[in-house]
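# Chain and residue survey
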Amino acid sequence: MTEVVDSSGRQPPRRRVPGPARPARPAGSRGSGRPQRPGPGARSARRPAPPRSAAPPRPLRLGRPRPRLRMVGLALTLVMLAFVLRLLQVQAVDASTYAAKAEQNRYVVHTLAAERGGITDRNGVALATSVDAYDITADPTMFTREQLKIDDGPEQAAALLAPILGRSQPDIVAKLRPKDRNLRYVRLALSRTPQVWTQIKDLKRALAKKAETDRSTVNVLAGVFADPSSKRVYPNGDLAAGILGWVNAEGVGGGGIEQQLDKTLAGKDGKIRYAQSGGRQVPTAGSTETPAVPGSDIELTIDRDIQWAAQNAISEQVGKSAADRGYVIVQDTRTGEILAMANAPGFDPNDLAHADPATLGNPALQDAYEPGSTAKVMSMAAVLEENAATPLTHLTVPNRLHRGDRLFQDDIDHSTWYLTLNGVLAKSSNIGTIMATGELGRTQSQANRMLYSYLRKFGIGGASGLRFPGETRGILAAPDKWSTSQQFTIPFGQGFSINALQAASVYSTIANGGVRVDPTLVRGTKGPDGRFTPAPAPKKNRVVSTATARSLAQMLESVVDDEEGTGNKARIPGYRVAGKTGTANRVDPATGKYHGYTSSFAGFAPADNPRITVYCAIQNATKGSYFGGQICGPIYKQVMEFALKTLQVPPTGAKAANLPVTFEP
């Protein structure tokens, strides 16, 4: 509405506008609007008041939503915060731990066994080799109740596998139910043939097929697998078993060359890591593999054929003599290479379960025994080298000789012998040897020290150079430790001990012109690349002069060729043979007392141009003769003839020296 203003600038008075009409007041009411009380007579005239109606219901009032929304929002915030914190813990704080657990459950790591190198003789003939085989393995987590829905899964699997693997059921159950429940890989059996794994696979397949049609059947072999491996095989059975040794159940060399050169033969195992699901490899998942490095092949110095001849000969004689054991060694006199090392009785490394524990090892290197008269050649070498006598020096040998605290005698009663030094060796006189070595010094103490120095030069009491497992050095006391009797028994081979290889090496030293060459068993190795690496050259040292060695060879010929010699049974038609017999009192290893004899024969041929040394020893012959010339001389002849023919060594055709054995007083 527009306001009106007059000419003086003042607003005119407003007009009152009548409002809405008010309702009429009831009679008797005052102007104040309050009701008036009725008069005295008015009560009866008033109408009764109508009944008062009930008060109308109060309208509903809605609650305020904001507090409730705040409570719900706070709760959701706390829940989300918990999820965020847990996610932060899993993905950040404990991420590596959970990742490792996931890797452990998802990925499997298997060892890839390296192929073991072979062992051959000097001509490449296999003596030990490896063939395809399988390591039977299992995943223990696949035998739990959660996987198989049965409680006795390992027991059922073991009952099926035990007769196939040749293992006891408790052993298999223990592997299938390990203490570590997270263990995913165990080996149930090593180096089983492909036929064994085929049998297990067929059984697994049959159980799986039956489980598809019969829900009550459980394939308890689902968690059994196989890793390609190899099995050690010795094609020639017990031939050279003492040299080769064996490989144990863990695939590690347990004796002989297999043990000595285990690292070279074994190579280096590899590893493969791959994802798996349900016990099967996931081909699409990434895997890593470190290939195995095959072992190197070992080429030995022995000749398989000569080894067979030596082993056959000693085995027959040990049986005929009902002896405890025997050994034969064949050695190349020029190079020191061992062409054969045979033991009887032996063992078959293919069947160790049925082998006699007493036959394991290599007694030719591990037995220490008193050599007897074969050691006299060292005493004679010292006497000749020191110019104490010559092969023709005369010695009057009585029937008995009193020295120290003993009365010495020869192996047979005899009247006084009139022998040359050559005859002392030919007739193997103990008394004559004591007398000759007594000339090595002005006093007996000086003579002892001189003889000891030569024994050491020949390798007695020291390592042979082979470094073979279990090899003995023998026993040789220092000269100031020699007892009263040892001063006079050591010159003829009693009172100290050696092994068979040391005895053979003595004769090879003489045959090689007085130069000792360390014996060797290994010619070299051939690596995975096919490259052949020769073994290091053996050590050499001069023991006696060439002249002394030549004189000793002629004296040793008299032992075999002369009718009065003790080695007639070792003669080989057409060849000049040098040799020496030995019969020594034997110390029984069980009691430590003398019991029985050690019978031996050692020599080389051709005597004037030596190529081969043969040594034979038999322990405790109890049937027939026990003299070395009688039971070992024939073995020497048999093995030497075979070796000469095998190596195509011709006779020299030269005449023997025929040194005199006796002299006229």
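Residues numbered from 1 in each chain as written. Predicted model: local features only at pLDDT ≥ 70, side-chain atom pairs only at ≥ 80, totals over all residues. Heavy atoms only, no water.

Think of two packed helices as two axes; the pair is described by the angle between the axes and how far apart they sit. Two elements in contact, helix 5 (residues 153-165) and helix 6 (residues 169-176), have axes separated by 8 Å at closest approach and are oriented at 130°. Here helix 6 runs oblique to helix 5, going by the angle between their axes. Here helix 5 and helix 6 pass one another in a crossing that is right-handed. Together, P154, E155, A157, A158, A159, L161, A162 and L165 of helix 5 and Q169, I172, V173 and L176 of helix 6 make up the contact between the two elements. Partitioning the contact of helix 5 with helix 6 into residue classes produces 10 nonpolar, one polar and one charged. (Axes fitted to C-alpha atoms, helices over the stretch in contact; angles between N-to-C directions. Helix = DSSP H or I, 4+ residues; strand = E, 2+ residues; numbered from the N terminus. Parallel < 35°, antiparallel > 145°, perpendicular 65-115°, else oblique. Left-handed = near helix turned anticlockwise from the far one by under 90°. Contact = heavy atoms within 4.5 Å. Nonpolar A, V, L, I, M, F, W, Y, C, P; charged D, E, K, R; others polar.)

Before going further, it helps to spend a moment on helix 5. Helix length check: helix 5, at 13 residues, gives a terminal C-alpha distance of 18 Å against a target of 18 Å (1.5 Å per residue), a fit within 8%. If you look at helix 5, its biggest bend is around 30°, right at A159, and the proline P163 turns up within four residues after that. For helix 5, the set of buried residues is G153, P154, A157, A158, L161, A162, I164 and L165. Those residues of helix 5 that are buried are in contact with strand 3 (126-138), helix 4 (145-148), helix 6, strand 4 (186-192), helix 7 (194-213) and strand 5 (224-233). In the stretch just after helix 5, G166 is the one whose phi turns positive, near 70°. (Expected span 1.5 Å × (residues − 1). Bend = angle between axes of the 7 residues up to and from the residue. Buried < 20%, exposed > 50% of the residue type's maximum accessible area, 1.4 Å probe, protein only.)

With that settled, the discussion passes to the environment of M380. Along the chain, M380 falls in helix 13 (residues 376-385). Judged by its relative accessible area of 1%, M380 falls in the buried class. It is 9.5 Å that separates the C-alpha atoms of M380 and V424, two residues lying 44 residues apart in sequence. Excluding residues within four positions of it along the chain, M380 makes contact with L421, V424, L425, T433, L552 and M555.

At their nearest, the axes of helix 11 (residues 304-321) and helix 21 (residues 633-646) sit 10 Å apart, and the two run at 170° to each other. Between helix 11 and helix 21, the angle is such that the two are roughly antiparallel. Where helix 11 crosses over helix 21, the two elements pack in a sense that is right-handed. The segment helix 11 lies against helix 21, with D305, I306, A309, A310, N312, A313, I314 and Q317 engaging I635, Q638, V639, F642, A643 and T646. Looking at the contact of helix 11 with helix 21 residue by residue, the class counts come to nine nonpolar, four polar and one charged.

Backbone hydrogen bonds are what pair the strands of a sheet, in a parallel or an antiparallel way. Across the sheet, which stays open at both edges, the five strands sit in the order 13-12-24-23-22 with antiparallel pairing between neighbours. Each edge of the sheet is formed by a strand with only one pairing partner; in this case those strands are strand 13 (338-344) and strand 22 (578-587). For this sheet, the mean inter-axis angle between neighbouring strands, taken without regard to orientation, is 10°. Two elements, strand 12 (residues 325-332) and strand 24 (residues 612-619), share eight bridges in a ladder whose sense is antiparallel. The partner of V330 across the bridge, within strand 24, is V614. Each of strand 22 and strand 23 (594-605) touches helix 19 (residues 546-561); the most contacted strand, strand 22, lies at about 75° to it. (Pairing = 2+ DSSP bridges.)

The subject of this paragraph is the layout of surface pockets. Roughly 1,000 Å³ of volume is contained in the second largest pocket. Lining the second largest pocket are 35 residues, with S191, V247, N248, A249 and G251 sitting closest to its centre. For the lining of the second largest pocket, the elements supplying multiple residues, two or more each, are strand 3, strand 4, strand 5, strand 6 (246-247) and helix 10 (262-266). Looking at the lining of the second largest pocket element by element, the count peaks at six residues for strand 4. Taken together, the residues of the lining of the second largest pocket break down into 14 nonpolar, nine polar and 12 charged. (1 Å grid on protein atoms, 1.4 Å probe; cavity = no way out; pocket = protein on both sides within 12 Å on 5 of 7 lines; lining within 4 Å. Points joined across faces, edges and corners; volume = space filled by probe spheres on them.)

Counted by the stated rule, this structure contains zero disulfides. Not part of a disulfide, C616 finds its nearest cysteine sulfur in C632, a span of 3.2 Å. (Disulfide = S-S within 2.5 Å.)

Another point: empty space enclosed by the protein. Scanning the entire structure with this criterion turns up four cavities of 30 Å³ or more. Counting only elements with at least two residues in the lining of the largest cavity, the list comes to helix 8 (241-244), helix 11 and strand 13. Here the element with the most residues in the lining of the largest cavity is strand 13; it accounts for three residues. Within the lining of the largest cavity, the residues separate by chemical class into six nonpolar, seven polar and one charged. Its boundaries defined by the atoms lining it, the second largest cavity holds a volume of some 60 Å³. In terms of residues, the lining of the second largest cavity owes the most to one element, helix 18 (residues 500-511), which gives three residues. Taken together, the residues of the lining of the second largest cavity sort by class into nine nonpolar, one polar and no charged.

The UniProt record annotates "transmembrane region" (unreviewed entry) at residues 69-88. The straight-line gap between the two end C-alpha atoms of residues 69-88 is 28 Å; of that span, 100% is helix and 0% is strand. (UniProt positions renumbered as here; feature names shortened; annotations may be inferred.)

The subject of this paragraph is a nonpolar patch on the surface. A cluster of nonpolar residues, L74, L78, L81, L85 and L88, forms a patch on the protein surface that exposes about 490 Å² of accessible area. Of note, L88 is situated in helix 2 (residues 65-93). (Patch = residues over 30% accessible without salt bridge, like charges linked within 9 Å, V, L, I, M, F, W, Y side chains within 5 Å. Areas by Shrake-Rupley, 256 points an atom, 1.4 Å probe, with all protein chains shown as cover. Salt bridge = Lys/Arg side-chain N within 4 Å of Asp/Glu carboxyl O.)

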